[in-house]
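Tertiary structure, described
Single-letter residue listing:
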Amino acid sequence: MTPRIPEFDYQRVAVGDIVLNVAAGGSGSPVVLLHGFPQTHLMWRHVATDLARDHRVIVPDLRGYGASDKPAEHDRTTYAKRTMAQDVVDLARALGHETFALAGHDRGALVAVRAGLDHPGRVTHLAVLDVLPTLDMWDVLRGADAAVAFHLYLMAQPPGLPERMIAAAADDFFGFFLDAWGTGPDAIPADVRSEYLRASRAAVPSIVADYRASAGIDVEHDRDDRAAGRRLTMPVTVLQQDWGAALGYDAAGLWSAWATDLEHRTLDAGHFMAEQSPHEVVAALRALLTRRQDRAQAGRQNR
């Protein structure tokens, strides 16, 4: 039996020309949670159930992942983060929410950032878990240090070879990251790990297409935004491992160039922090969701 987020309802929601698999629960102001690689919406199971105590929590599988549709890569835009961000905005609207808070991990964080840049009037708060903006990511991964991100370079190649290579040893490939990026064997239970492998094995072409977009059209969109001076204007919280110390860059400084209202924190939780340290992630999200309100209240008290 496929694992599910307890007490969440599941539905398939049409957005544009695709259908997304969506889990939703709770009531209150809406929060959308976007998963990373090589995972599905299940990575948010602990965080989602906590937030659902006082929020409407919406947890989709991204296009190309999990039980959502996996359209063929017709052109460079099919898996552009701009396209995937539009999916999220359309999903929220289809569920009755014109504005919403948004949190993303890994690949989902890149989609979330693009949603914040393209739809600033729709995203009220933004949380980013353990990535850099696409443009900065490629800039800091240089020389021998780039070996830690070999999969980025493999999946950046033209269609054909990457898909065949990964499909030939899919469980080994995706399982490598589940093992290497975790902090222990207990963070991802056996049934959830099995589901991640099954879902990824069934989505090799679309996962590769998602990564290929991040080496092409996504970079172009980031460059356009940087040249135009566009920034994230909503409250933004970034939670990361201390990759900056390991690879020699100032992560907080890179993010401050993209966000006007930024809180940046490093955690010792490992990459899969929503599964490994859900209480820390929930606390950070709850603080983010009240940040503008708290600062407005403090401003009134100081008048």
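Keep in mind that what you see is a predicted model, and the values were worked out from it rather than measured.

**A closer look at the side chain of D210**
You can see D210 is positioned in helix α9 (residues 204-214). At 2.5 Å, the side chain of D210 and the side chain of Y65 are in polar contact. When near neighbours in sequence (up to four residues on either side) are disregarded, D210 contacts Y65, Y79, K81, M84 and R107.

**Some words on the pattern of salt bridges**
Inspection of every chain in the model, using the stated rule, returns 27 salt bridges. A salt bridge links R93 to D90, with the shortest nitrogen-to-oxygen separation between them at 3.5 Å. Of this pair, R93 and D90 both sit in helix α2 (residues 81-94), three residues apart, roughly one helical turn. In this structure, the salt-bridge partner of D139 is R142, at a minimum N-O distance of 3.9 Å. A relative accessible area of 37% places D139 in the partly exposed class. The exposed category is assigned to R142, whose relative accessible area is 55%. Members of the salt-bridge network, linked through shared partners, are R82, R114, D118, D222, D225 and R230.

**Regarding the side chain of H125**
Its place among the elements puts H125 in strand β6 (residues 123-129). Those residues in contact with H125, other than ones at most four positions away along the chain, are F100, A101, L102, M234, P235, L288, L289 and R292.

**Some remarks on the nonpolar core**
What tends to happen in soluble globular proteins is that the nonpolar side chains get buried as a cluster. Counting residues in hydrophobic clusters, the biggest one holds 101 residues, and the most contacted among them are L33, F37, W44, V47, L102, L126 and F174. For this core, the leading source of residues is helix α3 (residues 107-118), giving seven residues.

What counts and how
- Residues numbered from 1 in each chain as written.
- Predicted model: local features only at pLDDT ≥ 70, side-chain atom pairs only at ≥ 80, totals over all residues.
- Heavy atoms only, no water.
- Helix = DSSP H or I, 4+ residues; strand = E, 2+ residues; numbered from the N terminus.
- Polar contact = N/O pair within 3.5 Å; in protein donor to acceptor, adjacent residues only side chain to side chain.
- Contact = heavy atoms within 4.5 Å.
- Salt bridge = Lys/Arg side-chain N within 4 Å of Asp/Glu carboxyl O.
- Buried < 20%, exposed > 50% of the residue type's maximum accessible area, 1.4 Å probe, protein only.
- Core = buried A, V, L, I, M, F, W, Y, C linked by side-chain atoms within 4.5 Å.

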